[in-house]
Amino acid sequence: MSAPGHHGGSAVAGVSVVICVYTEDRWEDILAAVSSVRAQSLAALETLLVVDHNASLLDRLTKEYKEAEGVRVLANAGPRGLSAGRNTGIAASSGEIIAFLDDDAVAERDWLRHFAEGYADPKVFAVGGRTMPVWESRRRPAWFPEEFDWVVGCTYKGLPEGRVRVRNVLGGNASFRRSAFEVAGGFATGIGRDGDKRPLGCEETELCIRLTRARPDAVLLIDDRAVIHHRVPAARERFRYFRTRTYAEGLSKALVARSVGAGKGLESERRYTTRVLPAGVGRGLRDALLARPGGAGRAGAIVAGVVTAAGGYVLGSVRARRGGATFSVVEIGKDADGEGAAA
């Protein structure tokens with residue numbers, strides 16, 4: 001499946017990196033993200049900056065990287081949103097492996113090298129990494145449980161360590177073999193974020209489940225040596241955002257379950273809810289009894305997170321059954337509604 005490697009000595013024929021961007025408010029973050037890719041020990045074949053329906057940001061980035069070799073700036077060719085932006089990047093890319101990096105994150109120097117190593121096995125179709133939070137306040141809020149670091153787009157307590165097989169990778173720090181998109185199609189639009197609305201997610205979960213249905217022998221890995229550092233702004237350190245994000249996760253999970261069935265769609269969540277979270281509540285209560293700061297707050301936040309996510313899931317399920325939530329899967333590179341034609 002893999003062509004002989006000729007870029008940077010990897011076992012794969014080049015890695016394209018896609019960074020989806022949408023706001024000039026993250027200008028410095030975007031520049032830092034691109035710089036981290038250009039400093040990789042395994043050189044990227046190219047870095048694609050996909051701008052989500054923001055003409056001034058598109059113009060500014062085009063000027064910024066006009067002379068930069070290996071950096072291309074292009075407009076999201078599909079509807080507004082992260083999924084369509086990623087699909088645009090996939091269609092325009094030329095690497096055999098396509099890696100995704102959040103616009104407010106920086107990758108460690110060996111990030112791509114660890115991704116590429118995973119693809120030596122032709123059965124591997126996706127490799128994800130570990131995402132570490134960089135709190136704007138310089139320290140984790142005492143009440144914020146590590147089990148819920150996914151709320152701020154980071155690796156959470158309860159995920160297995162090392163290089164392990166998983167149901168799905170997490171989209172802000174992930175890579176896929178190009179043939180994964182040929183087999184399963186692109187990211188579904190209508191599940192994930194579109195910049196302005198509620199902070200939905202799960203589009204990568206739905207894609208990964210769809211992929212393993214199409215190719216039951218496909219292996220998906222997380223390698224926790226492939227590390228990125230993800231900025232957490234002050235607004236996301238507050239309980240209000242925590243509550244909004246967990247509720248949105250419930251809504252998203254309902255769409256995923258509607259798409260791929262509750263069995264696969266909630267497989268990992270059952271283990272997380274029945275084992276990881278009760279252990280987290282226990283630790284929080286123990287810390288509270290020992291008068292350690294934040295213990296009661298963490299236990300309470302875990303309970304609140306479960307309740308709000310469950311509420312979102314119930315409402316999302318009702319909406320999905322009534323047909324109030326729709327999403328679509330785009331074939332990559334087939335010029336479907338213009339999304340596959342990005343160049």
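Remember, it's a predicted structure, so these values are computed and weren't measured experimentally.

A word on the overall build of the protein. Secondary structure assignment for the protein yields 10 helices and nine strands. Residues counted as buried form 52% of the 343 residues belonging to the protein. In the protein, once contacts between residues fewer than 6 apart in sequence are set aside, the share between residues at least 24 apart is 78%. Roughly 14900 Å² of accessible area belongs to the protein as shown, and the carbon and sulfur atoms make up 52% of that amount.

Bringing the nonpolar core into the picture now. Core analysis: the biggest nonpolar cluster contains 34 residues, and Ile19, Leu49, Leu61, Leu101 and Trp111 have the highest contact counts within it. Tallying contributions element by element places helix H1 (residues 27–38) first for this core, with six residues. If we skip the residues at most four places from it in the chain, Leu49 touches Ile19, Val21, Ile30, Val34, Leu61, Tyr65, Val71, Arg72, Val73 and Leu74. In terms of nonpolar packing, the next biggest core, distinct from the first, is built from 27 residues, Val169, Ala174, Cys208 and Leu211 among them.

In contact at an axis separation of 12 Å, H1 and helix H2 (residues 55–64) are set at 40 degrees when each is read in the N-to-C sense. Between H1 and H2, the crossing angle belongs to the class labelled oblique. Two packed elements cross with a definite hand, and for H1 against H2 that hand is right-handed. Contacts between H1 and H2 involve Trp27, Ile30 and Leu31 from the first element and Leu57, Arg60, Leu61 and Glu64 from the second. Along the lines of polarity and charge, the residues of the contact of H1 with H2 split into five nonpolar, no polar and two charged.

Right, let's get into the packing of aromatic side chains. Across all of its chains, the model carries 14 aromatic pairs by this definition. For the ring pair Phe239 and Phe242, a centre distance of 5.7 Å and an interplane angle of 25 degrees mean the geometry is stacked. On the criterion of helical spacing, the pair formed by Phe239 and Phe242 is a turn pair, its members being three residues apart in helix H7 (residues 239–260). Aromatic rings pair up to connect Trp135, Trp143, Phe144, Phe148, Trp150, Phe239 and Phe242 into one cluster.

Close approach of charged atoms allows side chains with opposite charge to pair. Using the criterion set out here, one finds 20 salt bridges in the structure. The partner of Arg86 in a salt bridge is Glu203, and the shortest N-O contact between them spans 3.1 Å. In this pair, Arg86 sits in helix H3 (residues 82–92) while Glu203 sits in helix H6 (residues 203–214), placing the two residues 117 residues apart along the sequence. We note that Arg86, like Glu203, is buried. For Arg286, the salt bridge identified is with Asp287, shortest N-O distance 3.6 Å. Taking the relative accessible area as the measure of exposure, Arg286 reaches 43% and is therefore partly exposed.

The phi dihedral of Arg138 is positive, around 80 degrees, even though this residue is not glycine. When you line up the elements, Arg138 lands in the loop between strand E6 (124–135) and strand E7 (163–165). Judged by relative accessible area, which is 78%, Arg138 ranks as exposed. Unlike most non-glycine residues, Ala291 shows phi in positive territory, near 60 degrees. Along the chain, Ala291 falls in the loop between helix H9 (267–289) and helix H10 (295–321). Residue Ala291 is classed as exposed on the basis of its relative accessible area, which comes to 66%.

What follows concerns the side chain of Asp104. Tracing the backbone shows Asp104 in the loop between strand E4 (97–101) and strand E5 (105–107). Judged by its relative accessible area of 6%, Asp104 is buried. Every residue in contact with Asp104, bar those within four places of it in the chain, is listed here: Arg26, Asp29, His229, His230 and Arg231.

Looking now at the pairing of strand E2 (residues 46–51). On a regular strand, each side chain points to the face opposite its neighbour's, so the side chains alternate between the two faces of the sheet. Counted residue by residue, E2 has six buried out of six residues, so it is predominantly covered. The two faces of E2 match: Glu46, Leu48 and Val50 on one face and Thr47, Leu49 and Val51 on the other face are all buried. Sheet topology note: the strand E1 (residues 15–21)/E2 ladder contains six bridges and is parallel. Counterpart to Ile19 in the pairing with E2 is Leu49. Note on the crossover from E1 through H1 to E2: the handedness is right-handed. Sheet topology places E2 next to strand E3 (residues 71–75); five bridges connect them, and they run parallel. Each residue of the ladder has a partner; that of Leu48, found in E3, is Arg72. Regarding topology, H2 serves as the crossover connection from E2 to the parallel E3, and that connection is right-handed.

Reading the values: rules and limits
- The numbering scheme is per chain: residues are counted from 1 as the chain's sequence reads.
- Owing to the predicted nature of the model, reporting of local features is limited to residues with pLDDT of at least 70; listing and counting of side-chain atom pairs is limited to 80 or more, with chain, interface and lining totals taken over all residues.
- Hydrogen atoms and water are omitted, and side-chain values are computed over all heavy atoms in the structure.
- Going along the chain from the N terminus, every DSSP run of H or I of four or more residues is numbered as a helix, and every run of E of two or more is numbered as a strand.
- The rule is simple: take the accessible area with a 1.4 Å probe, protein chains only, and divide by the maximum for that residue type; under 20% is buried, over 50% is exposed, in between is partly exposed.
- Should any heavy atoms of two residues lie within 4.5 Å, those residues are counted as being in contact.
- What sets the accessible areas is the Shrake-Rupley method with a 1.4 Å probe; for residues, cover comes only from the shown protein chains.
- Side-chain atoms within 4.5 Å link the members of a nonpolar core, which is a set of buried Ala, Val, Leu, Ile, Met, Phe, Trp, Tyr and Cys residues.
- For every element, the axis is a line fit to its C-alpha atoms; helices are fit only across the contacting stretch, and the angle between N-to-C directions ranges from 0 to 180 degrees.
- To sort the angles, those under 35 degrees are grouped as roughly parallel, those over 145 as roughly antiparallel, those from 65 to 115 as roughly perpendicular, and the leftovers as oblique.
- Crossing handedness: left-handed means the near helix sits turned counterclockwise from the far one by under a right angle, and right-handed means the same turn made clockwise.
- Basically, the charged four are Asp, Glu, Lys and Arg, the nonpolar ten are Ala, Val, Leu, Ile, Met, Phe, Trp, Tyr, Cys and Pro, and anything else, Gly included, counts as polar.
- By convention, a stacked pair of Phe, Tyr or Trp rings (six-membered ring in the case of Trp) has centres within 6.5 Å and planes under 30 degrees apart, an edge-to-face pair has planes over 60 apart, and any other such pair is tilted.
- For this analysis, a salt bridge means a side-chain nitrogen from Lys or Arg found within 4 Å of a carboxyl oxygen belonging to Asp or Glu.
- A pair of strands counts as paired when DSSP detects no fewer than two bridges linking them.
- Here, the term right-handed applies to a crossover whose path from the first strand over the helix to the second runs clockwise when the strands point away from the viewer.

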